Amino acid sequence: MKRTSTISGLVEFGLRFIGMWPGSTYANLWWLIYMTTIVIVQYYQYMYVCTHFDLSDLSLLMDCLGLTLAYSLAFVKLFALWWNRRIFHHILAAMEHDWRECAVNDSYVSTMLNVAELSHRCSNVMISINALAAFFLSIGEHLLQSMNVDDSRANNYSRELPIKMEFPFDVSKSPVFECFLMGQFLYELVLACLVGMVNAILVSLILHVSGQIDIMRQDLIKISNNYNPSTSLNVIKRFIDRHQKTIILSEHIENLFTYIALMQLLWNTLVICCTGFVIIITIGTNEGATASIKSVSFYIAITLEVFILCFAGEFLSAKSKSISDAVYESLWYDMPPTDSRILLFIIIRSQKRLTITAGKVVDLTLEGFTSIMKASASYVSVLNAMY
């Protein structure tokens, strides 16, 4: 069998880029360089927020504050991933072991290959969406602003960088402005792709667990369709062993993403609120086109992050529940009592759902996603009334 993995090559490249992939060369050095870059950019962003903090100009405040908070969240997510890198490496090792076990059975290989293909597609889509949002946030806005400036105002036109930052020197003159513009574009593009990579990691891990659950259901079908006391007991033992490994893997995923999910839910509620407010107040104005290009794409990317987290938690819970349903729907009542009792214990254990929580406080569900969107809409209405 050709070696493959649930983690896509694009995600693996991103992990190597920040020194998070096991065995990466100069891993700590790469991670330190990149995180230091984020800290420096964040310093000048917050300097801009503090310098231009004015409640009478909510549009400017919400515009720069939303982007600044989003980059702060990206820093927290990457730092949490690095802090829990041992757990992440254990997860990768467990996934590699699962792929080696599946190599002995063609039906298992087919299931895992389908999971890997779906994982790779989802990863490419999520990273591409974030990359497009970064493009429209930087170069797209700058080009539209340039086209909206006529020749009579060209001399008095004050050029602004896409990422609002307060520097101790003037950056609006050429060629300094062009250098900073290109640097911000590359910075936004790389950071957006890394944020999409973190979301893609969660989806890939959840899909891998889903593939293991599908394999367990295949084993149950074998037992039900062709029960043989000499071979079925071995299948049941293999089923229990795989179920236990899946539970441990799910717990590792929970430990890896629980605090990332907590910070993302809290932070993104504010970011969605700020971005939604900017979109509302700029509709129908002269800057409506540029604001739409910049804010709507950013709004979609931020909302997608929250949706992915909540959907992943909901999907994992539904998949874990399907184990008990599959065992119950099998022909366990036709088995000898010694074997059927084992399956009953599996049903009892499967009733404790596998899930992902936000800070080990609340489960991530689609209902929670709707609550976040409602809360953000409420905050937007309050800000709009104040404006």
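For the structure, check the block above.
Report on the accompanying structure. (Residues numbered from 1 in each chain as written. Predicted model: local features only at pLDDT ≥ 70, side-chain atom pairs only at ≥ 80, totals over all residues. Heavy atoms only, no water.)

**Details of unusual backbone geometry**
Step number 1: Of note, the bond from serine 174 into proline 175 is cis; its omega dihedral lies within 30 degrees of zero at -5 degrees.
Step number 2: Mapped onto the elements, proline 175 comes out in the loop between α5 (106-148) and α6 (176-225).
Step number 3: Of note, tyrosine 26 is a non-glycine position whose phi angle comes to about 50 degrees, a positive value.
Step number 4: Counting through the fold element by element, tyrosine 26 comes out in the loop between α1 (9-17) and α2 (27-51). (Helix = DSSP H or I, 4+ residues; strand = E, 2+ residues; numbered from the N terminus.)

**Overview of the side chain of glutamine 184**
Step number 1: Tracing the backbone shows glutamine 184 in helix α6.
Step number 2: Glutamine 184 gets classed as buried once you look at its relative accessible area, which sits at 5%.
Step number 3: Among the polar contacts made by the side chain of glutamine 184, one reaches the main-chain amide nitrogen of isoleucine 163 at a distance of 3.0 Å.
Step number 4: Residues within four places of glutamine 184 in sequence aside, it is in contact with Leu161, Pro162, Ile163 and Met165. (Buried < 20%, exposed > 50% of the residue type's maximum accessible area, 1.4 Å probe, protein only. Polar contact = N/O pair within 3.5 Å; in protein donor to acceptor, adjacent residues only side chain to side chain. Contact = heavy atoms within 4.5 Å.)

**Considerations on empty space enclosed by the protein**
Step number 1: What the rule picks out here adds up to five cavities of 30 Å³ or more.
Step number 2: What lines the largest cavity is a set of 18 residues, and nearest its centre among them are Tyr71, Ala192, Phe298, Ile302 and Glu305.
Step number 3: Listed by contribution, the elements that provide at least two residues to the lining of the largest cavity are α3 (58-83), α5, α6 and α8 (288-329).
Step number 4: A total of five residues in the lining of the largest cavity trace back to one element, the largest contributor, which is α3.
Step number 5: Within the lining of the largest cavity, the residues separate by chemical class into 14 nonpolar, two polar and two charged.
Step number 6: For the lining of the second largest cavity, the secondary structure elements donating two or more residues are α3, α7 (229-282) and α8.
Step number 7: If one sorts the elements of the lining of the second largest cavity by residue count, α3 sits on top with four residues.
Step number 8: A breakdown of the residues in the lining of the second largest cavity according to their chemical character gives five nonpolar, three polar and two charged. (1 Å grid on protein atoms, 1.4 Å probe; cavity = no way out; pocket = protein on both sides within 12 Å on 5 of 7 lines; lining within 4 Å. Points joined across faces, edges and corners; volume = space filled by probe spheres on them. Nonpolar A, V, L, I, M, F, W, Y, C, P; charged D, E, K, R; others polar.)

**Focus: the nonpolar core**
Step number 1: Ranked by internal contacts, the top residues of the largest apolar core, which has 89 residues, are Leu15, Leu78, Ile201, Leu205, Ile253 and Phe257.
Step number 2: Element by element, the count of residues in this core is highest for α6, at 20 residues.
Step number 3: Not counting residues within four places of it along the chain, the set of residues in contact with leucine 205 comprises Ile7, Ile91, Met95, Ile253, Leu256 and Phe257.
Step number 4: In this structure, Cys273, Cys274, Phe277 and Leu383 belong to the second largest nonpolar core, which totals 12 residues. (Core = buried A, V, L, I, M, F, W, Y, C linked by side-chain atoms within 4.5 Å.)

**Section: the packing of aromatic side chains**
Step number 1: Scanning the entire structure with this criterion turns up 18 aromatic pairs.
Step number 2: When the centroid spacing of 6.0 Å and the interplanar angle of 55 degrees are considered together, the rings of phenylalanine 169 and phenylalanine 180 count as tilted. Of this pair, phenylalanine 169 sits in the loop between α5 and α6 while phenylalanine 180 sits in helix α6, and the two are 11 residues apart along the sequence.
Step number 3: By relative accessible area, phenylalanine 169 is classed as partly exposed at 43%.
Step number 4: Phenylalanine 180 gets classed as partly exposed once you look at its relative accessible area, which sits at 25%.
Step number 5: By way of ring pairs, the aromatic residues Trp31, Phe75, Phe79, Trp82 and Trp83 are connected into one cluster. (Phe/Tyr/Trp six-rings, centres within 6.5 Å; stacked < 30°, edge-to-face > 60°.)

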